[in-house]
Each structure stands twice: as structure tokens, then as C-alpha cells.
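Here are the chains, one letter per residue:
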Amino acid sequence: ILVAWRREIELQLERQAHTDQLTGLLNRRGWLKHAEMVVAQAKRQGFSAGVLMLDLDHFKQVNDRYGHEAGDRALMLLGRCMSSTMRESDVCGRLGGEEFVILLPRVDETSVEALDQRLRTLFKFKSGEKLGIVLNFSSGLAFCDVSRPDALKRALIQADASMYQAKANGRGCMCANADINITIPDQLIS
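The model shown is predicted, which means the values in this text are computed figures rather than measured ones. (Residues numbered from 1 in each chain as written. Predicted model: local features only at pLDDT ≥ 70, side-chain atom pairs only at ≥ 80, totals over all residues. Heavy atoms only, no water.)

Enquirer: Outline the packing of helix H2 (residues 28-45) against helix H6 (residues 151-168), listing residues and values.
Expert: Put simply, H2 and H6 touch, their axes get as near as 10 Å, and they point 115° apart. Contacts between H2 and H6 involve Trp31, Leu32, Ala35, Glu36 and Val39 from the former and Ala151, Leu152 and Leu156 from the latter. Along the lines of polarity and charge, the residues of the contact of H2 with H6 split into 7 nonpolar, no polar and 1 charged. (Axes fitted to C-alpha atoms, helices over the stretch in contact; angles between N-to-C directions. Helix = DSSP H or I, 4+ residues; strand = E, 2+ residues; numbered from the N terminus. Contact = heavy atoms within 4.5 Å. Nonpolar A, V, L, I, M, F, W, Y, C, P; charged D, E, K, R; others polar.)

In C-alpha cells:
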């Protein structure tokens, strides 16, 4: 009984170490661990893996105008919307602050655009309904080059750059790595 109890406590601690307490999604550490496994599987089995980064638009203004509790509720709501919209094989996480990330196995750009639009529509509707303010996000997409050992790191950097391009394009939209011309120095990857 004590061994079983100890194992249960260890599993609970492991879950807590990899879970974002506010949203219930994976935290950065947990997301990276799960995403690396999916990318390794993508390499072995030859399927695609896309990284979609999301950043809540005007989040500082939400906190300043409505308070940090409203900001927390907005983050929790986006986490719930992500969880209800994603497939079981998708790996969702909160990187920190108002940045979220999803690893999407077996997708192409068209299917990610459709998923992004479904998530965006749901979040705008739910934020208006639950928070009384319509919120949106900017997103950036990059695909993992699974032939490279640093595939996930490179895709994260490219998705982040694409997300900032979406913000520069007026926010509330998605940009893909094809929409930007970016060269990533090898020293940033290692």
C-alpha cells in the first residue's frame, strides 16, 4: 500500500511540474518534453509537424483596464478554448505570459489555417460572452524540418517570428513561415 501511495504521489508531482497552474495546459517544460517525442515520432514515421504560436492581442491593456483577474480569466478561457478545439494528438501548452503554443502532427498549412480560424472564432465569441470584452490573438505557423536534429527549436523560432509578423500586419491574424523570409543563425539554435 505504501509503495502504491508513493508512486501516486510521484505521478502527481510529475504532473504538477509539467502543468501550467492557471490554464491547466502543459507548461513550457512539459510542452517541450511532449513535443520532442512527437517530433521524433514524425521523423521515424515520416509525417509533418506544425508549430502554431499564439499571443493574446493587447493583453497589457486588458490587465491595465480590467485588472489582472480579468487577464487571468482571459488566459484560462483561451486555454479551455484550445483544449476543446484541438485533436487528441495535438500538444497544447502555455509558454508563459500570454504566449501559447500547439504542436500539430499530420497537418498542412490549409488545415492549420482552418483550425486557427475555428479557435479564433470560438475565443472571440466566448470572451465576449464570458468576459464582456471581445478578445483576439495573433498567431504564427512554422513546420518542423524533421531531417534536422534541432527541428523543434527552429520551428519555435520561426513560429515566433511569424507571430510577430502577424502582429505587425495588424493583429488578429495568422502568418506562416512562408509569409516571411527569415534566416536563423546556427548559434541561436544550439
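Enquirer: Tell me about the pairing of strand E3 (residues 99-105), residues and numbers included.
Expert: Most of E3 is tucked away: 7 of the 7 residues are buried. Residues Glu99, Val101, Leu103 and Pro105 of E3 are buried on one face, and the alternating residues Phe100, Ile102 and Leu104, pointing to the opposite face, are buried as well. For strand E1 (residues 49-56) and E3, the ladder comprises 7 bridges, and the chain directions are antiparallel. Opposite Met53, over in E3, you have Val101 as the bridge partner. With 5 bridges joining them, strand E2 (residues 91-96) and E3 adopt antiparallel strand pairing. Each residue of the ladder has a partner; that of Gly93, found in E3, is Val101. Counted between consecutive antiparallel strands, the loop separating E2 from E3 contains 2 residues, among which Gly97 sits at a positive phi close to 55°. (Buried < 20%, exposed > 50% of the residue type's maximum accessible area, 1.4 Å probe, protein only. Pairing = 2+ DSSP bridges.)

Enquirer: Tell me about the nonpolar core, and name the residues and values.
Expert: Judged by nonpolar contacts, the single largest core of 29 residues is most densely connected at Leu52, Leu54, Met82, Ile102, Leu104, Leu119 and Phe123. At the level of secondary structure, the elements contributing two or more residues to this core comprise E1, helix H3 (59-66), helix H4 (68-85), E3, helix H5 (109-131), strand E4 (137-143) and strand E5 (174-176). Per element, the largest residue contribution to this core is 6 residues, and it comes from H4. Setting aside its immediate chain neighbours within four residues, Phe123 contacts Leu56, Ala74, Leu77, Leu78, Cys81, Leu135, Asn136 and Phe137. Core analysis: the next-biggest nonpolar cluster, separate from the first, contains 23 residues, Phe47, Ala151, Leu152 and Met163 among them. (Core = buried A, V, L, I, M, F, W, Y, C linked by side-chain atoms within 4.5 Å.)

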